[in-house]
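# Descriptive structure summary
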Amino acid sequence: MLYAAPSPPAEAPQPPARIVTGLYLRYLRETKGITLEAAAHAIRMSTSAVSRWERAQSPIRPDVLRTLLRLYGVAGDHTDFLVRSLPPRAYTRSGREERGYVRRAPHDCWADVARDEATARYIAVMRTASEVTQFCMMAPAGLRTQEYARAVLAPEVCATPDEPVLGLPSWVHRVPWVAEQRRTVLLDETVLTRGSRQAAVIAEQLRHLAGLVSREEPGRGLAVRILPMNPVLFIHTIGPVAEVTVHGHRMVAGVGLFPSYETGSRVAHLVSAGLREAVDAAWTREQTREELACAAEAMERRAAS
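Residues numbered from 1 in each chain as written. Predicted model: local features only at pLDDT ≥ 70, side-chain atom pairs only at ≥ 80, totals over all residues. Heavy atoms only, no water.

## Thoughts on the overall build of the chain
Here is the rule: Think of it this way: any DSSP run of H or I at least four residues long counts as a helix, any run of E at least two long counts as a strand, and we number them from the N terminus. Throughout this description, buried means an accessible area under 20% of the type-specific maximum (1.4 Å probe, protein chains only), exposed means over 50%, and partly exposed covers the range between. The contact criterion used throughout is that any non-hydrogen atoms of two residues lie within 4.5 Å. In short, Shrake-Rupley with a 1.4 Å probe defines the accessible areas, and a residue's cover is counted only from the protein chains shown.
What the chain contains, in helices and strands, is eleven helices and seven strands. When the 305 residues of the chain are sorted by exposure, 50% land in the buried category. Relative to all contacts within the chain whose residues are 6 or more apart in sequence, the contacts with residues 24 or more apart total 76%. As presented, the chain carries roughly 15,500 Å² of accessible surface, and 52% of it is formed by carbon and sulfur atoms.

## Points about helix α3 (residues 47-54)
Definition in use: Taking the helix axis as origin, the arc is that swept by the directions to the C-beta atoms.
Of the positions making up α3, those classed as buried are Ala49, Val50, Trp53 and Glu54. Projected down its long axis, α3 shows its buried positions confined to an angular sector of 135°, all on one face. Turning to α3, the residues buried within the fold contact α1 (16-32), α2 (36-43) and α4 (62-71). The positive-phi residue at the C-terminal boundary of α3 is Ala56, with phi of around 60°.

## A word on helix α5 (residues 77-85)
Looking only at α5, the buried set comprises His78, Thr79, Phe81, Leu82, Val83 and Ser85. Those residues of α5 that are buried lie in contact with α1, α4, β1 (109-111) and α7 (116-128).

## A few points about the sheet that holds β1
The test is simple: DSSP-based pairing: two strands are paired if at least 2 bridges between them are found. Angles shown run from 0 to 180 degrees and are taken between the N-to-C directions of axes, each axis being a line fitted to C-alpha atoms and, for helices, limited to the stretch in contact.
Taken in spatial order, the seven strands make up an open sheet running β1-β7-β6-β5-β2-β3-β4, and their pairing is mixed. Since the sheet does not close on itself, it has two edges, and those belong to β1 and β4 (222-227), each with one partner. If you compare each strand with its neighbour and ignore which way they point, the axes differ by 20° on average.

## Considerations on unusual backbone geometry
Backbone geometry places Arg44, a non-glycine residue, at a positive phi of 60°. In this structure, Ala56 is a non-glycine residue whose phi angle is positive, near 60°. In this fold, Ala56 is placed in the loop between α3 and α4.

## Some details on the confidence of the model for the chain
Using the following cut-off: One confidence number per residue, pLDDT, is output by the predictor and ranges from 0 to 100.
Averaged over every residue, the pLDDT of the chain is 86; the share at 70 or more is 85%. This stretch, residues 1-10, has a pLDDT under 50; its non-local contacts, to residues over four places away or in other chains, come to 13 contacts. Residue range residues 90-104 is modelled with pLDDT below 50. Its contacts to residues more than four positions away, or to other chains, number 24 contacts.

## Examining the side chain of Glu216
Structurally, Glu216 can be placed in the loop between α9 (199-214) and β4. Among residues more than four places away in sequence, those in contact with Glu216 are Leu222, Ala223, Val224, Arg225 and Arg285.

## Details of a nonpolar patch on the surface
Cut-off, in case you're wondering: The patches described consist of residues with a relative accessible area above 30% and no salt bridge, like charges being joined within 9 Å and nonpolar side chains (Val, Leu, Ile, Met, Phe, Trp, Tyr) within 5 Å. Every case where a carboxyl oxygen of Asp or Glu lies within 4 Å of a side-chain nitrogen of Lys or Arg is listed as a salt bridge.
Judged by side-chain polarity, Val113, Leu257 and Phe258 come together as a nonpolar surface patch covering roughly 320 Å² of accessible area. In this fold, Phe258 is placed in the loop between β6 (249-255) and β7 (259-262). Here Phe258 falls in the partly exposed class, since its relative accessible area comes to 38%.

## Some details on the pairing of strand β5 (residues 241-246)
With six of six residues buried, β5 is to be regarded as a mostly interior element. Residue alternation in β5 divides its side chains into two sets, Val241, Glu243 and Thr245 and Ala242, Val244 and Val246, and both sets are buried. Pairing of β5 with β6 involves six bridges; the strand directions are antiparallel. Residue pairing in the sheet places Val246 in a bridge with His249 of β6. Counted along the chain from β5 to the antiparallel partner β6, the turn is two residues long, and its residue His247 has a positive phi close to 50°.

## Side note on the packing of aromatic side chains
This is how it is decided: The aromatic pairing rule takes the rings of Phe, Tyr and Trp, using the six-membered ring of Trp, and pairs them if the centres are within 6.5 Å, calling planes under 30 degrees apart stacked, those over 60 edge-to-face and the rest tilted.
Throughout the structure, instances matching the rule amount to four aromatic pairs. Ring geometry for Trp110 and Tyr261: centres 6.1 Å apart, planes at 25°, overall stacked. Linking Trp110 in strand β1 with Tyr261 in strand β7, this pair joins segments that are 151 residues apart in sequence. Look at Trp110 and you get buried, because its relative accessible area is 7%.

## As for the pattern of salt bridges
Following the criterion strictly, the structure yields nine salt bridges and no others. For Asp63, the salt bridge identified is with Arg61, shortest N-O distance 3.0 Å. Judged by relative accessible area, Asp63 falls into the partly exposed class, the value being 41%. According to the relative accessible area criterion, Arg61 is partly exposed, its value standing at 38%. Of the charged contacts, one joins Glu300 and Arg207 as a salt bridge, the two residues approaching to 2.9 Å between their closest N and O atoms. With Glu300 in helix α11 (residues 285-304) and Arg207 in helix α9, the pair connects residues that are 93 residues apart, well separated along the chain.

What follows is the structure in structure tokens.
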């Protein structure tokens, strides 16, 4: 089923490279123990300007981005990649920066291909978002038991980890989950039966998920639901994906060989519509908890046999 994209908003969404880069600058600065005031003084700009860049409220000049990254200890090819990723600024004939949906449209999609730093930025996006609606084929970061995490994050199984593991940049380990984050996790129905070769580990994971569902507070925090395969929904065809809100900016985030982000594109609108439909089609809290518990019992019997 295809969806008609809604009309463009009155105010254009920020380019995703600006959102993610701003978040990156914030955590680099905090990891180095540098205050907003000190960073602003070092580049001879105002504190409010640095704050706006970190919140993706205004564009940052390439030369200033280079200076900040150097101040935070980032250099070389990675700096060049981030500078090239900045969306160009369009100007009217009067010399003012042009604002509008049409001029920003070519920059609605950004692929972050800088290896470990890209993965770290994806983690920061997911942890910092005030709202997350996420479709997954397996239990995602923050919902895993230790044994399950070791199993699914093995290099031969998961080429791109979505949570901090040994070898990722140190700054990402300092990024906390937002305390009041509203997170809806939609798990593909196959999570109930996949992984029979490690049945004991899967059984423990399924019981952990059932416990999370039992402790849910309506309208607050985390909600875990199972999304049935029938009827087949649009969201099943695009794999693990999430819609996130970071500093008031909404975008679609995906992770495969490398993370990618979209804001005002037609694809982003289609994915958002698919996620909303998936939430409506998911099993209820009671059914999700019951099915997780039953699947855990089945896995335990399989492990014992």
